[in-house]
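An overview of the molecular structure
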Amino acid sequence: MKLTLQDAHRLARDILVALNVPDDIADDVAEHLVESDRCGYASHGLSMLPQYRASVEGGSVNPSGRASCALDRGTLMVFDGNGGFGQHVGKRVMQAAIERTREHGHCIFTLRHSHHLGRMGYYGEMAAQARMVLLSFTNVINRPPAVAPYGGRVARLTTNPLCFAGPMPNGRPPLVMDIATSAIAINKARVLSEKGEPAPERSVIDASGAPTTDAGAIFADPPGALLPFGGHKGYALGVVAELLAGVLSGGGTIQPNNPRGGVATNNMFAVLIDPQLDLGLQWQSTEVESFIRYLHETPPAPGFDRVQYPGEYEADHRARTGDELDVNPAIWRNLARVAGDLGVALPGR
């Protein structure tokens, strides 16, 4: 199914408004979802709307929830998402942190009690557009664990993403690293399962702990688990993200004494820096440009046409997408069903 960006945004917004989400919040969520699809991440795009509908109707997200500042110590800010949609809450918190960084040159901030924040690279792109550098750690609570620790055969962690982003010189796309500490994100596993496609090797185990390429094993009864990327290295980063985001924000960790209501709640710890330090901006730009050229000049391995830096994939996908999304048939069927249930007109009808 082909959708213009405008129609995709309107459809997502109308579905959310039909669920009694305020207009401005619905606009922020819709923009984030469409941008995720636009840069190649269907797992965090329009495909999320059926889950968001279930969250609203089940009372596990506050459709009117907005961020509040629980602590302000100048370059340290603590925010509470009050159960609101993460794409709205996260955007407003990032905007506040960017303004504070413009004043002081840096800012440490945390966010707790946010519904699903979505694609973390979106916030990295916000920082890069403001000519700033972001480093963030996110954990996922209020749902059963989905990632097995290194050496374990049952889940104890969640996907706990890391994001690093910053501007690049000479009109290059921003550098954006947005990775789960699991081999694949759980929403990626969901999309693969819905499409009947296999998961990558060494990314999933079944309920017995045996390796499998069946992405649906994660959602079976009893469930399997995702594996951390890179073995003990991804596991260690997942633990760090759990503690930084869960403890320093005050939002809590995945340990079993905390609630597991079945719907993702995110906490985040982040550092934002204005890179225009006393090193000379021209030197910085020249050094970054020289390093990127050094990477780009790497002879490509068999099966690759070139070496890229993190963030070029997203920029290339946006360029190929243009002003139209190609929505997978399985995702479209789910969207059409939700729209029909809520009395929302589909594009062109």
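Under an unreviewed UniProt entry, the chain has the name Ldh family oxidoreductase and belongs to Cupriavidus gilardii. Its UniProt record gives the chain a comment under Sequence similarities (unreviewed entry), which states: "Belongs to the LDH2/MDH2 oxidoreductase family."

Next up on the list: the sheet that holds strand β9 (residues 211-212). Spatially, β9-β8-β10 is the arrangement adopted by the 3 strands of the open sheet, whose pairing is antiparallel. A strand with exactly one partner marks an edge of an open sheet, and here the two such strands are β9 and β10 (225-226). In terms of strand pairing, strand β8 (residues 204-205) meets β9 through 2 bridges, oriented antiparallel. When the sheet's bridge partners are listed, I205 is paired in β9 with P211.

On to the packing of helix α1 (residues 5-18) against helix α2 (residues 23-38), then. Running from amino to carboxyl end, α1 crosses α2 at an angle of 135°, the nearest separation of the two axes being 8 Å. Classified by the angle between their axes, α1 and α2 sit oblique to one another. For the pair α1 and α2, the crossing hand works out as right-handed. Where α1 approaches α2, its residues L5, A8, H9, A12, R13, L16 and V17 are matched on the opposing element by D23, A26, D27, V29, A30, E31, V34 and R38. Residue composition of the contact of α1 with α2, grouped by class: 9 nonpolar, 1 polar and 5 charged.

Thresholds applied
- Residues numbered from 1 in each chain as written.
- Predicted model: local features only at pLDDT ≥ 70, side-chain atom pairs only at ≥ 80, totals over all residues.
- Heavy atoms only, no water.
- UniProt positions renumbered as here; feature names shortened; annotations may be inferred.
- Pairing = 2+ DSSP bridges.
- Helix = DSSP H or I, 4+ residues; strand = E, 2+ residues; numbered from the N terminus.
- Axes fitted to C-alpha atoms, helices over the stretch in contact; angles between N-to-C directions.
- Parallel < 35°, antiparallel > 145°, perpendicular 65-115°, else oblique.
- Left-handed = near helix turned anticlockwise from the far one by under 90°.
- Contact = heavy atoms within 4.5 Å.
- Nonpolar A, V, L, I, M, F, W, Y, C, P; charged D, E, K, R; others polar.

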